[in-house]
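A look at the structure
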Amino acid sequence: MRKVLLGMVIIALTAPATAADLAPRPYTKAPSAVIPIYDWAGFYVGLNGGGGSAHQCWDVVNAGGVVIAPPLAMGCQNATGGTVGGQIGYRWQIANSVFGLEAQGNWANFKGSNANLAFAGVQDETKLDAFGLMTGQVGYAWNNVLVYVKGGAAVVRDKYRVYDFATGLTLNNGSETRWGGAVGAGLEFGFASNWSVGVEYDHLFLGHRDVDFFSTGIVGVPVGAFAGTARIGQDVDIGMVRVNYRWGAPVAATY
């Protein structure tokens, strides 16, 4: 009996020391979470639609070959309407900064007229039926939300006519392709891996141009005869909704 009790005492005294000599359990770090980051880089193509207004002021500088100096004001107008078109571009992304180049082409139906202040009973009418933009972009991305500004070149196609207010008959007409500058800003949201939707506003600075008008033959002069020249100043404001599809990896991952 004494031997049994002695053995139990020895085991009790040596057990804590044995447990202390055991190596501690190794610590294993939990794996970091994978956070998806929306990638704006790559080629993209898309469609757009919206509306706009072309503000124009006309001055007559030549009437039937007679120079008018100083030019005589004929009035101002806002040609308004809708537009649809498409765009194609490429973007680079460095951290949160996004850079891009884009070409855009649109059909438009911006139309307006005003009473001619220089010639009684006559209306001046403008129709802007197409425009294009070639711009660079600089933006900042918060994951799948992109805010950007843009700037570059703009080109528009304008058709003009002068008509009799009472009958609506065209007296003379003219047309031109006009180049200028463009600035704009947009907000774009990536709603799927390669799809985004956004809104954009653009202002086109198109300056002043001298436009020649030619007779339709109604006022007693031959069809196509030179009728005069109007100096026309123009600025355009456009608002659009855009949808883009981008080629490239849908997301990048960070740990």
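Residues numbered from 1 in each chain as written. Predicted model: local features only at pLDDT ≥ 70, side-chain atom pairs only at ≥ 80, totals over all residues. Heavy atoms only, no water.

**Focus: the environment of Y38**
Summarising the element assignment, Y38 is placed in strand β1 (residues 35-38). For Y38, a relative accessible area of 7% corresponds to the buried category. For the pair Y38 and N144, spaced 106 residues apart in the sequence, the C-alpha separation amounts to 5.1 Å. (Helix = DSSP H or I, 4+ residues; strand = E, 2+ residues; numbered from the N terminus. Buried < 20%, exposed > 50% of the residue type's maximum accessible area, 1.4 Å probe, protein only.)

**Comments concerning the state of the cysteines**
Defined simply, a disulfide is a covalent bond joining two cysteines at their sulfur atoms. For the coordinates displayed, the defined rule picks out one disulfide. Here C57 is linked by a disulfide to C76, with a sulfur-sulfur distance of 1.9 Å. Residues C57 and C76 are joined through a disulfide that is right-handed, its torsion about the S-S bond being 105°. With C57 in strand β2 (residues 42-63) and C76 in strand β3 (residues 66-94), the pair connects residues that are 19 residues apart, well separated along the chain. Judged by relative accessible area, which is 27%, C57 ranks as partly exposed. The exposure class of C76 is partly exposed, given its relative accessible area of 40%. (Disulfide = S-S within 2.5 Å.)

**Overview of the sheet that holds strand β9 (residues 226-246)**
The eight strands are arranged β2-β3-β4-β5-β6-β7-β8-β9 in a closed barrel whose pairing can be described as antiparallel. The mean inter-strand angle of the sheet, taken between neighbouring strand axes irrespective of direction, is 15°. For strand β8 (residues 195-215) and β9, the ladder comprises 18 bridges, and the chain directions are antiparallel. Bridging across to β9, D202 finds its partner in I238. (Pairing = 2+ DSSP bridges. Axes fitted to C-alpha atoms, helices over the stretch in contact; angles between N-to-C directions.)

**Topic: the confidence of the model for the protein chain**
In regions of low pLDDT, the predicted coordinates are not meant to be interpreted in detail. Summarising the model, the protein chain shows a mean pLDDT of 88, and 83% of its residues fall at 70 or more. Contacts from residues 1-6, a stretch scored under 50 in pLDDT, to residues over four places away or in other chains number zero contacts. Between residues 8-13, whose pLDDT stays under 50, and residues either more than four places distant or in other chains, the model counts zero contacts. (pLDDT = per-residue confidence, 0-100. Contact = heavy atoms within 4.5 Å.)

**A short note on the pairing of strand β4 (residues 97-115)**
Examined bridge by bridge, β3 and β4 share 13 bridges and lie antiparallel to one another. Looking at β4, one finds that G89 is bridged to E102. Linking two consecutive strands that pair antiparallel, namely β3 and β4, is a turn of two residues; a positive phi of about 55° is found at A95 within it. With 17 bridges connecting them, β4 and strand β5 (residues 122-142) associate as antiparallel partners.

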